[in-house]
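Coordinates in review
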Amino acid sequence: MLPVIAIAKAVSYASSLALMAAGITLIYMCTRTFNFAHATFVTWAFYIVFALVFIAGGNPYMYLPVAFIFVGFLGVLVYLLVIGPLLRRNASPITLMMSTLGVDLVFLSFIQMFADYLTRTYKLYARRIVLETYDFSLLGVPASAVISPIIVVSTIAALHLFLARTKFGTAMRATIENPNLASILGINPNIIYLASWLIGGGLAGLGGALASLSIAGDPTVGNSMVVSMFASSIVGGLYSINGSMLGGLLIGMSEYLGILILSGIVGGWILPYRPVIPLIAMAVTLLVYPKGLAGINWPRLLYRIGVIK
């Protein structure tokens, strides 16, 4: 039987993955761009929280809004300098995707420099970030296991209200459905695209900040999680933010607990193969049902298996 602490950490990790996946999905829905710079977006969130905790003091939870805003700003920067100009030139999705790979490498270089700066200036060991010790206990488990799911649910509710009840949200949905028609109606697609990169980047930052409380980090932590992020988005459905969050929870729990169960059965040698779990989930989804969880007609499925009548 798995220990409670392992389940709690799995919940925290899965919740952070759900937020990251939601950011990927939102950006893809609006600009048809697979944002591989999401990897370093997440890493920057790790380092922002780490630096502020050790320099300014306090609890990591205090700096979640800072991580959201800072990484959201990075998303805006990427759109203004790279993606926006390419979209105006009608660049193909492949070109857009490859451009984000280049951005990821640039941001990774800056992270390396920032880590060296923290080491030289503040004498911090910035090549291995461990913030779990700064978490506190809540209901007998690490607080991140309780707070992270609450943040995910709150984010789902906030995004739903934003997209369904505000004029800007309605304009965003219209642009996603048909950007040309939206332009005719007086909606500026560039503003919508910019907002999607702001919010999508912010979600990556929020997810990365929460992940720092459940896993250790280094300058490549985002790159080590990028497979899980995209698997979550694809399994959940590339055209549904709620579906991507559900995919993140499913992939995160399966990945974290699945590898522990397998190590108990076959031995600890299997632990380095943890990324295979989200890879298999992503491959199976693309082969069997590319629309993901959000594309399933759940009422019909539940009726067929006799759950509802």
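The structure reproduced in this document is the subject of the present report.

Definitions and cut-offs
All chains use their own residue numbering, which begins from 1 and follows the written sequence. In view of the model being predicted, local features appear only for residues whose pLDDT reaches at least 70, and side-chain atom pairs are presented and counted only at 80 or more, with totals across whole chains, interfaces and linings using the full set of residues. Derived side-chain values reflect all non-hydrogen atoms in the structure, with water molecules and hydrogen atoms excluded from consideration. Put simply, DSSP H or I for four residues or longer makes a helix, DSSP E for two residues or longer makes a strand, and each gets a number counted from the N terminus. The reference for a compact globule is 2.2 Å times residues^0.38; the radius of gyration itself is calculated from the C-alpha atoms. A 1.4 Å probe rolled over the protein chains alone gives each residue an accessible area, and that area as a share of the maximum for its type sets the label: buried under 20%, exposed over 50%, partly exposed in between. Note on definitions: a residue-residue contact is assigned when non-hydrogen atoms from the two residues lie within 4.5 Å. Accessible surface area values rest on a Shrake-Rupley calculation with a 1.4 Å probe, where residue burial reflects the displayed protein chains alone. Charged-residue counts in this description rest on Lys and Arg as positive and Asp and Glu as negative, His and the chain ends being excluded. Each charge is placed at NZ for Lys, CZ for Arg, CG for Asp and CD for Glu. Multiplying 1.5 Å by the helix residue count minus one yields the expected span of that helix. Two N or O atoms count as a polar contact when they lie within 3.5 Å, although within protein this holds only if one can serve as hydrogen donor and the other as acceptor, and sequence-adjacent residues are included solely when both atoms are side-chain atoms. Candidates for patches are residues over 30% relative accessible area with no salt bridge; among them, like charges are joined within 9 Å and nonpolar side chains (Val, Leu, Ile, Met, Phe, Trp, Tyr) within 5 Å. For this document, the term salt bridge refers to a Lys or Arg side-chain nitrogen within 4 Å of an Asp or Glu carboxyl oxygen. Pairing of aromatic rings covers Phe, Tyr and the six-membered ring of Trp, with a centre-to-centre limit of 6.5 Å; geometry is then stacked below 30 degrees between planes, edge-to-face above 60, and tilted otherwise. To sit over a ring, a charge needs its Lys NZ or Arg CZ within 6 Å of the ring centre and within 35 degrees of the ring normal.

**Quick notes on the overall build of the chain**
Per the secondary structure count, the chain includes 12 helices and 2 strands. When the helices and strands of the chain are placed in sequence order, the string is α-α-α-α-β-β-α-α-α-α-α-α-α-α. Scaling as 2.2 N^0.38, a compact globule of 309 residues should have a C-alpha radius of gyration of about 19 Å, and the chain matches this with 20 Å. The principal-axis extent of the C-alpha atoms belonging to the chain is close to 60 × 55 × 35 Å. Per-residue burial over the chain gives 49% buried out of 309 residues. For the chain, contacts bridging at least 24 residues in sequence account for 75% of all contacts bridging at least 6. Accessible area of the chain: about 14,600 Å², with a carbon and sulfur share of 71%. Treating the 16 positive side-chain charges of the chain as one cloud and the 7 negative ones as another, the clouds have centres 13 Å apart.

**Describing unusual backbone geometry**
A positive phi is found at R32, a non-glycine position, where the angle reads about 55°. With respect to the helices, strands and loops of the structure, R32 is situated in the loop between α1 (4-31) and α2 (38-55). On the accessibility criterion, R32 (31% relative accessible area) is partly exposed. For K123, which is not glycine, the phi torsion reads 60° and is therefore positive.

**Thoughts on the environment of T40**
In this fold, T40 is placed in helix α2. With relative accessibility at 0%, the residue T40 sits in the buried group. For the pair T40 and T170, spaced 130 residues apart in sequence, the C-alpha separation works out to 30 Å. Among all residues touching T40, those that are not within four sequence positions of it are D104, F107, L108 and I111.

**Topic: α2**
In this model, α2 (18 residues) spans 26 Å end to end at C-alpha, consistent with the 26 Å of a helix rising 1.5 Å per residue. Within α2, 15 of the 18 residues are buried, which leaves it mostly tucked inside the rest of the structure. At the C-terminal side of α2, G57 shows a positive phi close to 85°.

**Details of the environment of R127**
Inspection of the secondary structure assignment puts R127 in the loop between α4 (93-122) and β1 (137-138). On a C-alpha basis, the gap between R127 and G217 in space is 7.8 Å, while along the polypeptide they are 90 residues apart. Here D116 takes part through its side chain, which lies 2.7 Å from a polar atom of the side chain of R127.

**Re a nonpolar patch on the surface**
On the surface, I261, L262, I265, V266, W269, Y273, V276, I280, V284, L287, V288 and Y289 cluster together into a nonpolar patch covering about 1,200 Å² of accessible area. No other element matches helix α11 (residues 276-288), which puts 5 residues into the nonpolar patch. Mapped onto the secondary structure, I265 falls in helix α10 (residues 241-266).

**Things to note about the packing of aromatic side chains**
Applying the stated rule across the entire model yields 16 aromatic pairs. For the pair F54 and Y134, a centre-to-centre distance of 5.4 Å together with 70° between the ring planes defines the contact as edge-to-face. On the criterion of sequence distance, the pair formed by F54 in helix α2 and Y134 in the loop between α4 and β1 is long-range, its members being 80 residues apart. Among the residues examined, F54 registers a relative accessible area of 36% and is labelled partly exposed. Consider the rings of F162 and F168, whose centres lie 6.1 Å apart with planes at 35°: the pair is tilted. On the basis of relative accessible area, F162 is assigned to the partly exposed category, the value being 22%. In this structure an aromatic cluster arises from ring pairing among Y28, F34, F36, F230 and Y239. Residue placement shows R32 over the ring face of Y28; its charged tip is 5.9 Å from the ring centre.

**Structural notes on the pattern of salt bridges**
The tally for this structure, following the rule as stated, stands at 4 salt bridges. Linking K9 and E132 is a salt bridge whose minimum nitrogen-to-oxygen distance equals 3.0 Å. Of this pair, K9 sits in helix α1 while E132 sits in the loop between α4 and β1; the two residues are 123 residues apart in sequence, bridging distant segments of the chain. Here R127 ties to D116 by a salt bridge, and the two come within 2.7 Å at their closest N and O atoms. Placement of R127 in the loop between α4 and β1 and of D116 in helix α4 is noted, with a sequence separation of 11 residues between them. When its relative accessible area of 30% is taken as the criterion, R127 is described as partly exposed.

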